[in-house]
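# Survey of secondary and tertiary structure
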Amino acid sequence: MTERHDLTRAVLAVTSGPACRRAEELLARRNHLPADDAALLAAHLDRCPDCRELAAILASLPGELAALADPPPEPGLTAAVLRRTLPLLRRRRCTGRPGVRAWLAAWWEERAERPTLAAEVALVAALLLAALGWLPGEKLPPRGRMTAVAARVIAPPARLGSLVADAAARLGGELDRLLDGVDRRPAARVAASRRAGAAVSDTNTCTGNTETGRSLRHRTGR
Amino acid sequence: MNPRHDTLSGLPLPLDRLLAACRDGDELAWEALVRATQGRILALARSYVRDPDEARDLVQEIYVKLYRRLPLCRDADRFLPWLLKLARRHCLDHLRRRGARPPARDIPVEEAVGLADPGPDPGQAHADEERRRLLWRALAVVGEAEREVLVLQEMQGLSVARVGELLGIPAGTVKSRAHRGRLQLARALRRLLAGSAGRGRT
């Protein structure tokens, strides 16, 4: 019998490896096994003392773990708890039945302890800020125009001159305010330059906007 | 103690009346409630902190918190899961404040075997007490997520659904964690037993 058992081990060692790991996995859910697995496990347990020991430990765990929640009386623990909580009880005795205030205090204490509270507060704050930021909406250009301006701002520099002229002609004074510091020419002049075609004249450099002038020189290769 | 029950035993009054009396500030009712629940709360605290004194301190803080929040618990049927949830959250907050993790990940079984026993000579100690100590040490090396499920399901007797609700995970996850946890615990216990038997021989 022992020789046969050793032979089995030797064969397993050069083929699948020891079967104990698989047996242990089945042992952990022994009460919910399909019939075939249960039969295979029982056959393994007949011959494997290590797994039999593990099976015995697993079988004893529920009772032993439950017993941990029913420990022998801890000397002084009840007295210590009562000492800590006595002031609360006396206060309750004086104030009588807990009212809405006590309920609200307990409710808030419990809410404040939630792990997601920080994220929730941040979300509410962000929503509030967004609402406050969008309330004076009349002062901002409508969303469609904002999108058009944004599309032009991120456009390639090579087309910037004509795009600015085009946008300025359409948006008029409003865009002039938005581009304050970039190009202070009157909208009419921009429109005129647009009509003159893509060749925005070198007079750009005379407006004091050297940055625009440089980019245009670069564009035209001058 | 019935290992599967998830209700409190040994109460002098039905739980709903006991809770109402506690809310009104009745010291006797509060004492009865503390006596009926402190074993469970101590066991839960010990599954998060290894030091028994630290666990005792945690238990006291949990009861202070429990008393303040009693007005929130109107449903006696849900009292025990609610109390365990409160206690668990307090233990996790304590660990976070302390800046430490439960020792499960820090102490491999091999080291745990070599730890000096804090109690009296094992040869003179009662067999149950020794077994209990070994079980705590084996629990300390089980993964944190699996240990929480084991503590709530096997130790506290909560149903799979209640454990899932308390931890915020699906029932299937509770079951798979319980399987893994049981296996980890049994392996750790087997190694601890082999280690203590080895020490006994030498």
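Thresholds, definitions, all that
- Residues numbered from 1 in each chain as written.
- Chains lettered and ligands numbered in written order.
- Predicted model: local features only at pLDDT ≥ 70, side-chain atom pairs only at ≥ 80, totals over all residues.
- Heavy atoms only, no water.
- Helix = DSSP H or I, 4+ residues; strand = E, 2+ residues; numbered from the N terminus.
- Buried < 20%, exposed > 50% of the residue type's maximum accessible area, 1.4 Å probe, protein only.
- Contact = heavy atoms within 4.5 Å.
- Areas by Shrake-Rupley, 256 points an atom, 1.4 Å probe, with all protein chains shown as cover.
- Patch = residues over 30% accessible without salt bridge, like charges linked within 9 Å, V, L, I, M, F, W, Y side chains within 5 Å.
- Salt bridge = Lys/Arg side-chain N within 4 Å of Asp/Glu carboxyl O.
- pLDDT = per-residue confidence, 0-100.
- Buried area = accessible area lost by both parts, 1.4 Å probe.
- Phe/Tyr/Trp six-rings, centres within 6.5 Å; stacked < 30°, edge-to-face > 60°.
- Lys NZ or Arg CZ within 6 Å of the ring centre and 35° of its normal.

Before going further, it helps to spend a moment on the overall build of chain B. The number of helices and strands found in chain B is nine helices and zero strands. Mapped from its N terminus to its C terminus, chain B presents α and β elements in the order α-α-α-α-α-α-α-α-α. Residues counted as buried form 56% of the 202 residues belonging to chain B. For chain B, contacts bridging at least 24 residues in sequence account for 70% of all contacts bridging at least 6. Counting every atom, chain B has about 8,800 Å² of accessible surface; 51% of that belongs to carbon and sulfur.

On to a nonpolar patch on the surface. Side chains of V100(A), W103(A), L104(A), W107(A) and W108(A) sit close together on the surface and give an oily, nonpolar patch of about 530 Å² of accessible area. In this structure, L104(A) sits in helix α6 (residues 100-112).

Once that is clear, we can look at the pattern of salt bridges. Within this structure, the stated rule accounts for twelve salt bridges over all chains. In this structure, R187(B) and E24(A) form a salt bridge, with 2.6 Å as the shortest nitrogen-oxygen distance. Of this pair, R187(B) sits in helix α9 (residues 171-201) while E24(A) is found in helix α2 (residues 20-28), placing the two residues in two different chains. Across the salt bridge formed by E64(A) and R131(B), the nearest N and O atoms sit 2.7 Å from each other.

So, on to helix α8 (residues 160-167) of chain B. When we look at burial in α8(B), the residues that qualify are R162(B), V163(B), G164(B), L166(B) and L167(B). G168(B) sits one or two residues past α8(B) and shows a positive phi near 70°.

Residue and element names in this part refer to chain B. For chain B, per-residue confidence averages 82 on the pLDDT scale, and residues scoring 70 or more make up 81% of the total. The weakest mean pLDDT in chain B belongs to helix α5 (residues 109-114) at 42; the strongest belongs to helix α7 (residues 144-155) at 93. For this predicted complex, the interface score ipTM comes out at 0.75, alongside a pTM of 0.61.

With that settled, the discussion passes to the interface of chain B and chain A. With 48 residues of chain B at the interface, the matching set in chain A holds 48 residues. Carbon and sulfur atoms make up 62% of the surface buried where chain B meets chain A, a total of about 5,100 Å² over both sides. Counting every contact that joins chain B to chain A gives three salt bridges. Salt-bridge contacts for R190(B) lead to E24(A); the nearest nitrogen and oxygen are separated by 3.4 Å. Within the residue set of the side of chain B that touches chain A, elements represented by two or more residues are α2 (27-46), α3 (52-69), α4 (79-98), α6 (127-139), α7 and α9 of chain B.

On to the environment of A188(B). Residue and element names in this part refer to chain B. Tracing the backbone through its elements, the reader meets A188 in helix α9. When its relative accessible area of 2% is taken as the criterion, A188 is described as buried. In this structure the C-alpha to C-alpha distance between A188 and V141, which are 47 residues apart in sequence, comes to 7.2 Å.

So, about the side chain of R190(B). Looking at the element boundaries, R190(B) is found in helix α9. Taking relative accessible area as the criterion, R190(B) reaches 17% and is therefore assigned buried. Not counting chain neighbours up to four residues away, the residues in contact with R190(B) comprise E24(A), D50(A), C51(A), E53(A), L54(A) and I57(A).

All names here are of chain B. A complete count under the given rule lists three aromatic pairs over all chains for this structure. Ring geometry for W30 against Y67: centres 5.0 Å apart, planes inclined by 75°, an arrangement best described as edge-to-face. Of this pair, W30 sits in helix α2 while Y67 sits in helix α3; the two residues are 37 residues apart in sequence, bridging distant segments of the chain. Across this residue pair, the class does not change: W30 and Y67 are buried. Centre to centre, the rings of F79 and W82 are 6.2 Å apart; their planes meet at 45°, and the pair counts as tilted. Highlighted residues: F79 and W82, both in helix α4, separated by three residues, approximately one helical turn. Exposure remark for W82: the relative accessible area of 16% places this residue in the buried category. Each residue in the set W30, Y63 and Y67 is aromatic and connected to the rest through ring pairs, giving one cluster. The ring centre of W136 lies 4.8 Å from the NZ or CZ of R46, which sits over that ring.

Residues and elements named next belong to chain A. Here chain A averages 68 in pLDDT, and 47% of its residues register 70 or above. Helix α4 (residues 49-68) holds the highest mean pLDDT among the elements of chain A, 90, whereas helix α12 (residues 210-220) holds the lowest, 43. Across residues 198-222 the pLDDT falls below 50, and counting only partners more than four positions away or on other chains, this stretch makes 16 contacts in the model.

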